[in-house]
Amino acid sequence: MIGNDWDLALSEEFNKDYFLNIKDFIDAEYSSKTIYPPYDDIFNAFKLTPLSDVKVVILGQDPYHEEGQAHGLAFSTPDGRPIPRSLSNIFKEINAEYDYPIPSSGCLEKWARQGVFLLNTVLTVEEGNANSHNKCGWQTFTDKVISILNKQSQPIVFMLWGKQAEKKKELITNENHLVLITSHPSPFSARRGFFGCDHFKKANEYLTKNNKKEIDWRL
């Protein structure tokens, strides 16, 4: 389904009743409504960042629900699309930490290919209707994904931004990993801790300490 080591790691989940119910639900939704991201992009985060390559996990909520914005990577948006406000604030924080230029594109595929797993806790959404697929079973699936990541021996940095993401901390028990928690980068909460959090530098410091190549956060 995905084309890398995630297939083996998730093979049991793909055959469970709850996942088959998700598939039936979203197949019906895509056939009758406008759903994002495009169907073939639902698992882009998994396709671009194999399990064995994961160094950093950035946890989002559900995909952007406006036309052309979502492409299967949390916070990311395709080249040529306006940069959403939360992502703009992420870029501002990286600029404050590293003095890198603010990117003109919101496409984060470069991060994903370096080992930044950009996971939304819900993988699909109806156009114009945020959180519309929140109850269909995706959370059960992505909780399992986080549990699989937790079991990995390679050190992983988990960035949990906002209350919804922070709830996932209980799934991360492996002492090999670093958990970084702060407010969400949205315009409503970024000044409550996100700005000045130094998460991107802290992540790279942890990777270096564990003899892993740093993430180049420039785009």
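Look a little higher up for the structure.
Residues numbered from 1 in each chain as written. Predicted model: local features only at pLDDT ≥ 70, side-chain atom pairs only at ≥ 80, totals over all residues. Heavy atoms only, no water.

Asker: What's the story with the overall build of the protein chain in this structure? I'm lost.
Answerer: When helices and strands are counted, the protein chain shows nine helices and six strands. For 219 residues, the compact-globule formula gives about 17 Å, and the C-alpha radius of gyration of the protein chain, at 17 Å, lands near that figure. Taken over the C-alpha atoms alone, the protein chain extends approximately 45 × 40 × 30 Å along its principal axes. With 219 residues in all, the protein chain has 52% of them scored as buried. For the protein chain, the share of sequence-separated contacts (at least 6 apart) that also reach a separation of at least 24 residues comes to 65%. About 10,400 Å² of surface is accessible on the protein chain, with carbon and sulfur atoms providing 46% of the total. In the protein chain, 25 side chains carry a positive charge and 29 a negative one; their mean positions are 6 Å apart. (Helix = DSSP H or I, 4+ residues; strand = E, 2+ residues; numbered from the N terminus. Rg over C-alpha atoms; globule rule 2.2 N^0.38 Å. Buried < 20%, exposed > 50% of the residue type's maximum accessible area, 1.4 Å probe, protein only. Contact = heavy atoms within 4.5 Å. Areas by Shrake-Rupley, 256 points an atom, 1.4 Å probe, with all protein chains shown as cover. Lys, Arg positive; Asp, Glu negative; His and termini not counted. Charge placed at Lys NZ, Arg CZ, Asp CG, Glu CD.)

Asker: It is not clear to me how the nonpolar core should be interpreted in this structure. Could you clarify?
Answerer: What tends to happen in soluble globular proteins is that the nonpolar side chains get buried as a cluster. If you look at the biggest cluster of nonpolar residues, it comprises 67 residues, and the most contacted ones within it are W6, F46, W138, F141 and W217. Considering each element in turn, this core owes the most residues, six residues, to helix α7 (residues 138-150). (Core = buried A, V, L, I, M, F, W, Y, C linked by side-chain atoms within 4.5 Å.)

Asker: Is there a simple way to explain the packing of helix α3 (residues 17-32) against α7 in this structure?
Answerer: The description of two packed helices rests on the angle between their axes and on the distance between the axes. Put simply, α3 and α7 touch, their axes get as near as 9 Å, and they point 130° apart. Classified by the interaxial angle, the pair formed by α3 and α7 is oblique. Remark: the crossing between α3 and α7 carries left-handed chirality. Taking contact as the criterion, the partners of Y18, F19, I22 and I26 in α3 are, on α7, W138, T140 and F141. Class assignment for the residues of the contact of α3 with α7 results in six nonpolar, one polar and no charged. (Axes fitted to C-alpha atoms, helices over the stretch in contact; angles between N-to-C directions. Parallel < 35°, antiparallel > 145°, perpendicular 65-115°, else oblique. Left-handed = near helix turned anticlockwise from the far one by under 90°. Nonpolar A, V, L, I, M, F, W, Y, C, P; charged D, E, K, R; others polar.)

Asker: What is the right way to read the packing of aromatic side chains from this model?
Answerer: Given two aromatic rings, their pairing is described by the distance between the two centres and the angle made by the two planes. Taken as a whole and assessed by the stated rule, the structure comprises 23 aromatic pairs. For the ring pair W6 and F117, a centre distance of 5.2 Å and an interplane angle of 25° mean the geometry is stacked. With a gap of 111 residues between them, W6 in helix α1 (residues 6-9) and F117 in strand β3 (residues 116-120) connect regions that are remote in the sequence. As far as burial versus exposure is concerned, W6 and F117 are alike and both buried. Centre to centre, the rings of F14 and F141 are 6.2 Å apart; their planes meet at 25°, and the pair counts as stacked. Taken as a pair, F14 in helix α2 (residues 11-14) and F141 in helix α7 lie far apart in primary sequence, 127 residues in all. The class of F14 is buried, set by a relative accessible area of 13%. Through a chain of ring-to-ring contacts, three or more aromatic side chains come together here, namely W6, F14, Y18, F19, F43, F46, F117, W138 and F141. K201 extends its terminal NZ or CZ atom over the ring of Y98, reaching a point 5.6 Å from the ring centre. (Phe/Tyr/Trp six-rings, centres within 6.5 Å; stacked < 30°, edge-to-face > 60°. Lys NZ or Arg CZ within 6 Å of the ring centre and 35° of its normal.)

Asker: In this structure, what is going on with the side chain of N44? I would like to understand it.
Answerer: Mapped onto the elements, N44 comes out in helix α4 (residues 44-48). A relative accessible area of 13% means that N44 is categorised as buried. Look past the residues within four positions of N44 in its chain and what remains in contact with it is H71, G72 and L73.

Asker: Hey, could you run me through unusual backbone geometry in this one?
Answerer: Glycine aside, residues mostly have negative phi, and peptide bonds are mostly found in the trans state. Residues Y36 and P37 are joined by a peptide bond in cis, for which omega reads -5°. By the element assignment, P37 lies in the loop between β1 (35-36) and α4. Look at F75: it is not a glycine, yet its phi comes out positive at around 70°. Mapped onto the fold, F75 is located in the loop between β2 (56-60) and α5 (85-98). Given the relative accessible area of 9%, F75 is considered buried. Phi at N211 takes a positive value of approximately 60°, unusual for a residue other than glycine. Accessibility expressed as a relative area gives 74% for N211, which makes it exposed.

Asker: What exactly am I supposed to notice about the pattern of salt bridges here?
Answerer: Any two side chains of opposite charge can pair, on the condition that their charged atoms come close. Evaluation of the coordinates by the stated rule reveals eight salt bridges. When the shortest N-O distance is used, the salt bridge between K33 and E126 registers 3.9 Å. Residue K33 is found in the loop between α3 and β1, and its partner E126 is found in strand β4 (residues 125-126); the two are separated by 93 residues along the sequence. (Salt bridge = Lys/Arg side-chain N within 4 Å of Asp/Glu carboxyl O.)

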